[in-house]
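These are the residues of each chain, in order.
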Amino acid sequence: EGNLLISRKSSPVHSSVALDQPRPQEIFDNMLEKKIDICFIGGIIMDMTSYMDAFPKPGETKVGHRFEAGYGGKAANQAALAAKLGAKCAMVARVGDDANGRSYIDHFRSLGINVNNIRTSDKSSTGAANIWVDDSGMNCICVILGANLDMTKQDILDAEDTIAASAAVVIGLELDIDIAHFAIQIAGKHKVQCLLNAAPMPKDMHEDFFCIPDVFNVNESEASIATGIAVTDAESAKLAARHLVEKKHCKTVIITLGENGAVFGSNDGAQFVHVPTDPVKAVDTTGAGDAFCGALAFFWAKYPDLPVETIVKKCCDVATMSVLKPGTQASFPSREELPEGFI
Ligand code: ATP
């Protein structure tokens, strides 16, 4: 693996990103030649949600109101959004040899997502999130990562041609951290534009997680863990973004702030900028961060001529649309639902 380690100096394509300018022409040319727009590497999870008046106590059995199964998993949600906007997407992941896994692969096929690099594990179930929601809207969630943790370096090597053929690769952390690290190195080796959605955020991450990706995308709580700065609003998010650029050597940092929009900045030395969202009455914010990241991947891969600032505003708009409807992937807008001229 030694030859895969990318030092910051030799790190791919560009070292500095101007936020108000299109990305340099050589990046643009390189990206437009690619066969796949975005390759997503990360988690596939089936959400199993039970609704009940109150949570059962330990040892108690309750009869609830309603059950719903839904497609989830961060990277999978992001792939679904990018595909709904019209990107050519591929997924690198693992499912179990079970009904949930087969259902997920059929679902991806129906969205036009390339599933050639989704392997089936025989030793674990498809990832599952067991979600309880009580009548007050409070939830309790137990996530079983299952087959996602069976991903191996060989899975990444088997997908290397797909990664190299992609304009951008998005890596999430609902898998073994060493496999995610290996994926980042492979993306770096092929100089593919690399977006890291560092979620869930582990306590310790190798410096490559910060300095190799072209974009480091996290929410408030992940930014707090990564920096030790309590991120609660736009000002503290700017401090955290600056910390990630100056101390951790991230190239471009984007921190989402829920109803407060997002903050972004880069190593070009310019300002850290707050992009507010339009005020709306949210119906269900589940998956809003994935809607943002999927849109980010879409615009980053397909429109390298757009300034980062414009991209972040568009991502906020797409994510805000997703909070107006219930569900996760079901709430993600498709290209046809976007306002005229949005893309
Ligand atoms: P989740 O875990 O629910 O998927 P997250 O914490 O990863 O979300 P957030 O920062 O909450 O991500 O939200 C991502 C984006 O979604 C925000 O940047 C914003 O554009 C949009 N958004 C989220 N909540 C709201 C809201 N209440 N009103 C308007 N936009 C919202």
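As the structure is a prediction and not an experimental result, all values here were calculated from the model.

Reading guide: rules and limits
- Residues numbered from 1 in each chain as written.
- Predicted model: local features only at pLDDT ≥ 70, side-chain atom pairs only at ≥ 80, totals over all residues.
- Heavy atoms only, no water.
- Axes fitted to C-alpha atoms, helices over the stretch in contact; angles between N-to-C directions.
- Helix = DSSP H or I, 4+ residues; strand = E, 2+ residues; numbered from the N terminus.
- Parallel < 35°, antiparallel > 145°, perpendicular 65-115°, else oblique.
- Left-handed = near helix turned anticlockwise from the far one by under 90°.
- Contact = heavy atoms within 4.5 Å.
- Nonpolar A, V, L, I, M, F, W, Y, C, P; charged D, E, K, R; others polar.
- Expected span 1.5 Å × (residues − 1).
- Buried < 20%, exposed > 50% of the residue type's maximum accessible area, 1.4 Å probe, protein only.
- Polar contact = N/O pair within 3.5 Å; in protein donor to acceptor, adjacent residues only side chain to side chain.
- Pairing = 2+ DSSP bridges.

Novice: How would you sum up the packing of helix α10 (residues 288-302) against helix α11 (residues 308-322)? Please name residues and give values.
Specialist: For the pair α10 and α11, the least separation of the axes is 8 Å and the interaxial angle reads 140°. In terms of their interaxial angle, α10 and α11 are classed as oblique. Between α10 and α11 lies a crossing whose hand is right-handed. Contacts between α10 and α11 involve Ala288, Ala291, Phe292, Ala295, Leu296, Phe299 and Trp300 from the first element and Val308, Ile311, Val312, Lys314, Cys315, Cys316, Val318, Ala319 and Ser322 from the second. Broken down by class, the residue content of the contact of α10 with α11 amounts to 14 nonpolar, one polar and one charged.

Novice: Could you give an account of helix α6 (residues 177-189), naming the residues involved and the relevant values?
Specialist: Given a rise of 1.5 Å per residue, 13 residues ought to cover 18 Å, and the 18 Å separating the end C-alpha atoms of α6 matches this to within 8%. Of all the 13 residues making up α6, ten are buried; the element is thus mostly covered by neighbouring parts of the structure. Taken together, the buried positions of α6 are occupied by Ile179, Ala180, His181, Phe182, Ala183, Ile184, Gln185, Ile186, Ala187 and Gly188. Where α6 is buried, its residues touch β1 (36-41), α4 (153-158), α5 (160-164), β8 (166-172), β9 (193-197) and α7 (208-211). The backbone nitrogen of aspartate 178 lies 2.8 Å from a side-chain oxygen of the residue at the head of α6, namely aspartate 176. Following α6 by one or two positions, lysine 191 adopts a phi angle in the positive range, close to 55°.

Novice: Could you give an account of the sheet that holds strand β11 (residues 252-256), with specific residues and numbers?
Specialist: Spatially, the nine strands line up as an open sheet ordered β5-β4-β1-β8-β9-β10-β11-β12-β13, and their pairing is mixed. Among the strands making up the open sheet, the edge pair consists of β5 (114-121) and β13 (273-275). Direction aside, the axes of adjacent strands within the sheet are offset by 20° on average. Pairing geometry for β11 and strand β12 (residues 262-266), over five bridges, is antiparallel. Across the sheet, valine 253 pairs through a bridge with glycine 265, a residue of β12.

Novice: How would you summarise unusual backbone geometry if you had to cite specific residues and measurements?
Specialist: Here the amide bond leading from alanine 199 into proline 200 is cis, since omega sits at -10°, within 30 degrees of zero. Despite not being glycine, lysine 191 shows a phi value in the positive range, around 55°. The backbone of histidine 249 shows a phi angle near 65°, a positive value even though the residue is not glycine. Residue placement: histidine 249 occurs in the loop between α9 (234-246) and β11.

Novice: Any chance you could break down the side chain of threonine 126 for me, citing the residues and the numbers?
Specialist: Mapped onto the secondary structure, threonine 126 falls in the loop between β5 and β6 (127-133). Under the relative-accessibility criterion, threonine 126 is labelled buried at 1%. A polar contact of 2.9 Å, which involves the side chain of threonine 126, links it to the backbone nitrogen of glycine 96. Engagement of the side chain of threonine 126 in a polar contact is seen with the backbone nitrogen of glycine 101, the distance being 3.1 Å. If we ignore the near neighbours within four places in the chain, the residues touching threonine 126 are Ile44, Val95, Gly96, Asp98, Asn100, Gly101 and Ala147.

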